[in-house]
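Single-letter residue listing:
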Amino acid sequence: MEFETNLNKQARVIAVANQKGGVGKTTTTINLGASLAEEGKKVLIVDLDPQANATTGLGFSSRHLDFSIYDVLSQQATTEQCILKSKTTNLDVLPSNIALTGAEIELVTAFSREHRLQRALTDAIDTYDFILIDCPPALGLLTVNAFVVAKEILVPIQCEYYALEGLAQLQSNVELVKANLNPSLEISIIVLVMFDARTKLSQQVANEVKQHFGDRVCNQVIPRSVRLSEAPSFGEPITSFDPISRGAIAYRHLAKEILN
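Just so we're clear, the structure is a prediction, and the values are computed from it rather than from any experiment.

A. Just the overall build of the protein chain, in detail. Of the regular secondary structure elements, the protein chain holds twelve helices and seven strands. Against the 2.2 N^0.38 benchmark of 18 Å for 260 residues, the protein chain shows a C-alpha radius of gyration of 17 Å, consistent with a compact globule. Counting across all 260 residues of the protein chain, residues that qualify as buried make up 55%. Accessible area for the protein chain stands at about 11900 Å²; split by element, carbon and sulfur atoms hold 49% of it.

Below, the structure is given as structure tokens:
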């Protein structure tokens, strides 16, 4: 695909990160992206996780890609060659596969290793309204690459015990990146996910997170939902898989909150 440069537009680049696994990073990336696309925004999802869940969750086989983000980071292909159009209008993906596992090791000795993703997305930033980067759970070089190109970090927090575990380390790494590589970086959006209104625990976690992060915590919470869990196995965001489900409605409201 060819980029159509619009000099009057620059994407909001948001890294979706949390060093804990299984907290809804990919689910939030896909469904927020699809909801923003429904609002008429042009969205690129960058799958920076070797598990490639964002890629498969949008209906692509990570085993049968001509090119992936690994080829972009290793400078064997251009970003334009790699981007795929999803079935959702306005929603594209820069896909991943297991080859990305090797990139973490290969980048260690590479020149300007922290800026590979930034360079890869130079043209895309003038093409899209939003670029959402699905980060791996580890805070290694791949995540640092995401933090260098992003202005904002969205942290999904699971409404369970130990919800804030690991956030101190995440904040510490963000401060390091700010000091050395990207002074514009901020943890700007906190989203409470897997929220169960029937339990006191969910409300307690929500209150604790709001005490820590104040108005950075979105008013819209994402409910615990079987349909949200099922959608990726069908290669669709919840907005098309079950458009009237609680999960779809919640992510649409979240998109509008972030837009405003």
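B. Summary view of the pairing of strand β1 (residues 12-16). Burial within β1 is extensive, with four of its five residues counted as buried. Here five bridges tie β1 to strand β5 (residues 130-134), and the two strands are oriented parallel to one another. The partner of Arg12 across the bridge, within β5, is Phe130. The pairing of β1 with strand β6 (residues 152-158) spans three bridges and is parallel. Note that in β6 the partner of Ala15 across the bridge is Ile153.

C. Quick look at the packing of aromatic side chains. Under the counting rule described, the total for this entry stands at one aromatic pair. When the ring centre of Tyr128 is taken as origin, the NZ or CZ atom of Lys42, which lies over that ring, is 5.1 Å away.

D. Seen up close, the packing of helix α1 (residues 25-38) against helix α12 (residues 246-259). As a packed pair, α1 and α12 sit with axes 8 Å apart at the nearest point and diverge in direction by 70°. Between α1 and α12, the interaxial angle falls into the category roughly perpendicular. In contact with Thr27, Thr28, Asn31, Leu32, Ser35, Leu36 and Glu38 of α1, α12 contributes Tyr251, Arg252, Leu254, Ala255, Ile258 and Leu259. Residues that form the contact of α1 with α12 fall into these classes: seven nonpolar, four polar and two charged.

E. The arrangement of the side chain of Glu152 in detail. Within the secondary structure, Glu152 sits in strand β6. Its relative accessible area of 14% is what places Glu152 among the buried residues. Separated by 2.9 Å, the side chains of Glu152 and Arg12 make a polar contact. A distance of 3.0 Å separates the side chain of Glu152 from the side chain of Ser188, its partner in a polar contact.

F. Here's a closer look at the environment of Asp92. By the secondary structure assignment, Asp92 is in strand β4 (residues 91-94). With 149 residues separating them in the primary sequence, Asp92 and Phe241 have C-alpha atoms 17 Å apart.

G. Just the sheet that holds β5, in detail. If you trace the seven strands from one edge of the open sheet to the other, you get β3-β4-β2-β5-β1-β6-β7, paired in mixed fashion. Of all the strands in the sheet, the pair left with one neighbour each is β3 (84-85) and β7 (186-193). Of the strands in this sheet, β6 and β7 touch helix α9 (residues 200-213), which is tilted by about 170° from β7.

H. Here's a closer look at the nonpolar core. One finds Leu117, Ile131, Ile133, Phe147 and Ile157 to be the most contacted residues of the largest nonpolar core, which totals 54 residues. No other element matches helix α7 (residues 141-149), which puts five residues into this core. Look past the residues within four positions of Phe147 in its chain and what remains in contact with it is Ala15, Ala17, Leu139, Ile153, Leu170, Val174, Val177, Asn182 and Leu185. If you look at the next biggest cluster of nonpolar residues, it comprises 32 residues, including Ala54, Phe130, Leu132 and Ile258.

I. Geometry of the environment of Asn97. Its place among the elements puts Asn97 in the loop between β4 and α5 (100-106). Residue class for Asn97 comes out buried when judged on its relative accessible area of 14%. Every residue in contact with Asn97, bar those within four places of it in the chain, is listed here: Pro50, Ala52, Ser62, Leu65 and Ser68.

J. Main features of the pattern of salt bridges. Scanning the model with the defined rule gives nine salt bridges in all. One salt bridge connects Arg252 with Glu38, and the closest N-O pair in it is separated by 2.7 Å. With a gap of 214 residues between them, Arg252 in helix α12 and Glu38 in helix α1 connect regions that are remote in the sequence. Between Asp196 and Arg198 there is a salt bridge, with the nearest N and O atoms lying 3.0 Å from each other. Asp196 gets classed as buried once you look at its relative accessible area, which sits at 14%.

Cut-off values and rules
Residues numbered from 1 in each chain as written. Predicted model: local features only at pLDDT ≥ 70, side-chain atom pairs only at ≥ 80, totals over all residues. Heavy atoms only, no water. Helix = DSSP H or I, 4+ residues; strand = E, 2+ residues; numbered from the N terminus. Rg over C-alpha atoms; globule rule 2.2 N^0.38 Å. Buried < 20%, exposed > 50% of the residue type's maximum accessible area, 1.4 Å probe, protein only. Areas by Shrake-Rupley, 256 points an atom, 1.4 Å probe, with all protein chains shown as cover. Pairing = 2+ DSSP bridges. Phe/Tyr/Trp six-rings, centres within 6.5 Å; stacked < 30°, edge-to-face > 60°. Lys NZ or Arg CZ within 6 Å of the ring centre and 35° of its normal. Axes fitted to C-alpha atoms, helices over the stretch in contact; angles between N-to-C directions. Parallel < 35°, antiparallel > 145°, perpendicular 65-115°, else oblique. Contact = heavy atoms within 4.5 Å. Nonpolar A, V, L, I, M, F, W, Y, C, P; charged D, E, K, R; others polar. Polar contact = N/O pair within 3.5 Å; in protein donor to acceptor, adjacent residues only side chain to side chain. Core = buried A, V, L, I, M, F, W, Y, C linked by side-chain atoms within 4.5 Å. Salt bridge = Lys/Arg side-chain N within 4 Å of Asp/Glu carboxyl O.

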